[in-house]
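# Descriptive analysis of the structure
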Amino acid sequence: MPLVPTASVVDRARAAGAGAPAFNVLHLETAEALVAAAERAGIPLILQISENCVRYHGSLRPLLLATLALAESSGADVSVHLDHITDPGLLREGVEAGARSVMIDASALPYEENVAVTAELTGWCHAHEAYVEAELGEVGGKDGVHAPGARTDPGEAMAFVDATGVDALAVAVGSSHAMRARTTVLDKELIRALRRRLPVPLVLHGSSGVPDEELRAAVAAGMTKINISTHLVSVFTGEVRRTLADSPSLIDSRKYVGPAREAVSAEAERLLRVLGAEAS
Ligand SMILES: [Zn+2]
């Protein structure tokens, strides 16, 4: 199947009252695991590569091109998105290399600068037919949408979307990044208020710390794109640990990465069914 635009995954999910699951790729095996999960579930999926992940690999193109190739050859609807991009050079490189969906993360800047940088890069992205997500946390909040106590103000969010022209907005409604326990309670009232007032789909970051029922409640309240990374990473690493503990003399890395890839795929399939709607 050809690469699917993020807009179509997000818009279809929103129209169906479902979530648009967005899971992070760390290396080729996670991309393989996630695409296989989407194929078994028959549910559209957004694959994301973060700037942190690009820094880990030392360059963008090899992992991006491999992920695009997997998405294009998949039997499922899969889009490819760049996550938390703070470096405008990297953003341009990614779009020019074939990524048609990016998150511009200027949230560490003061509000006025966040607006200016996001508006300029959004204009460039739209001229290159790329979908843009941005984020808006609390005024003065250093960690954008990821500070545990941060909340996005609906009026300010409307002004931000208006001034920047972004296609989707990550908002602060009670989740935070890199949570290990799935215990977060989200502010559903705020999600409903944001959904009522904002013309664009809402994105939840830091969803790893949110239990299944709470994720479903967030989608029902109006959240659409649901980003999950840490939870799936912990499933991968847990399986590697188990395999190595059971077989301390193992040498071939495929013998412990392979089972971890399968474990991630099974959990991703489960989460896709919790969040998403089947492709029509
Ligand atoms: Zn995030």
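Read on for a plain summary of the structure.

Definitions and limits used
- Residues numbered from 1 in each chain as written.
- Predicted model: local features only at pLDDT ≥ 70, side-chain atom pairs only at ≥ 80, totals over all residues.
- Heavy atoms only, no water.
- Helix = DSSP H or I, 4+ residues; strand = E, 2+ residues; numbered from the N terminus.
- Rg over C-alpha atoms; globule rule 2.2 N^0.38 Å.
- Buried < 20%, exposed > 50% of the residue type's maximum accessible area, 1.4 Å probe, protein only.
- Contact = heavy atoms within 4.5 Å.
- Phe/Tyr/Trp six-rings, centres within 6.5 Å; stacked < 30°, edge-to-face > 60°.
- Lys NZ or Arg CZ within 6 Å of the ring centre and 35° of its normal.
- Disulfide = S-S within 2.5 Å.
- Polar contact = N/O pair within 3.5 Å; in protein donor to acceptor, adjacent residues only side chain to side chain.
- Axes fitted to C-alpha atoms, helices over the stretch in contact; angles between N-to-C directions.
- Parallel < 35°, antiparallel > 145°, perpendicular 65-115°, else oblique.
- Left-handed = near helix turned anticlockwise from the far one by under 90°.
- Nonpolar A, V, L, I, M, F, W, Y, C, P; charged D, E, K, R; others polar.
- Pairing = 2+ DSSP bridges.
- Arc of directions from axis to C-beta.
- Right-handed = clockwise from strand over helix to strand, strands pointing away.

## Quick look at the overall build of the chain
A count of helical and extended segments in the chain gives 11 helices and 8 strands. On C-alpha atoms alone, the chain measures out to a radius of gyration of 18 Å, which is about the 19 Å that the 2.2 N^0.38 rule sets for 280 residues. A principal-axis box enclosing the C-alpha atoms of the chain has dimensions of 60 × 40 × 40 Å. In the chain, buried positions account for 56% of the 280 residues. Considering only intrachain contacts with a sequence separation of at least 6, the fraction spanning at least 24 residues in the chain is 72%.

## Concerning the packing of aromatic side chains
One pass over the structure, following the stated rule, counts 1 aromatic pair. Here the aromatic rings of tyrosine 111 and phenylalanine 160 are separated by 6.3 Å at their centres, their planes lie at 55 degrees, and the arrangement is tilted. With tyrosine 111 in helix H6 (residues 111–127) and phenylalanine 160 in helix H7 (residues 154–164), the pair connects residues that are 49 residues apart, well separated along the chain. By relative accessible area, tyrosine 111 is classed as partly exposed at 23%. The cationic tip of arginine 92 hangs over the ring face of tryptophan 124; the distance from NZ or CZ to the ring centre is 5.7 Å.

## Here's the deal with the state of the cysteines
This model, assessed by the stated rule, comprises 0 disulfides. Considering cysteine sulfurs only, cysteine 125 is the nearest to cysteine 53, which forms no disulfide, with 19 Å between them.

## A short note on unusual backbone geometry
Leaving glycine aside, a negative phi is the common case for residues, and trans is the common case for peptide bonds. The phi angle at histidine 84 is positive, at roughly 55 degrees, despite the residue not being glycine. Along the chain, histidine 84 turns up in strand S3 (residues 78–85). Judged by relative accessible area, which is 13%, histidine 84 ranks as buried. For glutamate 129, which is not glycine, the phi torsion reads 55 degrees and is therefore positive.

## Digging into the side chain of asparagine 24
Along the chain, asparagine 24 falls in strand S1 (residues 20–24). Owing to a relative accessible area of 10%, asparagine 24 belongs among the buried residues under this scheme. Reaching out from asparagine 24, the side chain makes a polar contact with the side chain of glutamine 48 at a distance of 3.0 Å. Excluding residues that lie within four positions of it along the chain, asparagine 24 makes contacts with Thr30, Leu34, Gln48, Ser50, Asp83, Ile228 and Ser229.

## Digging into the packing of helix H8 (residues 188–197) against helix H9 (residues 212–221)
One way to put it is that H8 packs onto H9 with a least axis distance of 8 Å and a crossing angle of 30 degrees. Between H8 and H9, the angle is such that the two are roughly parallel. By crossing handedness, the relation of H8 to H9 is classed as right-handed. Contact residues: H8 offers Lys188, Ile191, Arg192 and Arg195, while H9 offers Glu214, Ala217, Ala218 and Ala221. In terms of residue class, the contact of H8 with H9 is built from 4 nonpolar, no polar and 4 charged.

## A look at the sheet that holds strand S4 (residues 101–104)
A barrel is described by the order of its strands in space; here 8 strands give the closed sequence S1-S2-S3-S4-S5-S6-S7-S8, paired in parallel fashion. Strand after strand, the sheet turns through a mean of 25 degrees between neighbouring axes, direction not considered. Direction of pairing for strand S7 (residues 202–204) relative to strand S8 (residues 223–228): parallel, over a ladder of 3 bridges. Within S8, the position partnered with valine 203 by the bridge is lysine 225. On top of the sheet, helix H4 (residues 61–73) reaches strand S2 (45–50) and S3; it is set at about 155 degrees to S3, its chief contact. Docked against the sheet, helix H11 (residues 254–275) engages S1, S2 and S8, running at close to 155 degrees with respect to S1.

## As for H7
All of the buried residues in H7 are Pro154, Glu156, Ala157, Phe160, Val161 and Thr164. What you see down the axis of H7 is that its buried residues fit within an arc of 155 degrees, all on one side. Packed against the buried residues of H7 are H6, strand S5 (131–136), strand S6 (168–171) and H8. Where H7 ends, the next residue or the one after it, glycine 165, has phi of about 75 degrees, a positive value.

## Quick word on the pairing of S1
Burial runs high along S1: 5 of the 5 residues are buried. Here S1 shows no split at all, with Ala20, Ala22 and Asn24 on one side and Pro21 and Phe23 on the other all buried. Note: S1 against S8, 4 bridges, orientation parallel. Looking at S8, one finds that phenylalanine 23 is bridged to isoleucine 228. Note that S1 and S2 share 3 bridges and pair parallel. Residue asparagine 24 lies in a different strand from S2, and its bridge partner there is glutamine 48. Remark: the S1/helix H2 (residues 28–41)/S2 crossover connection has right-handed handedness.

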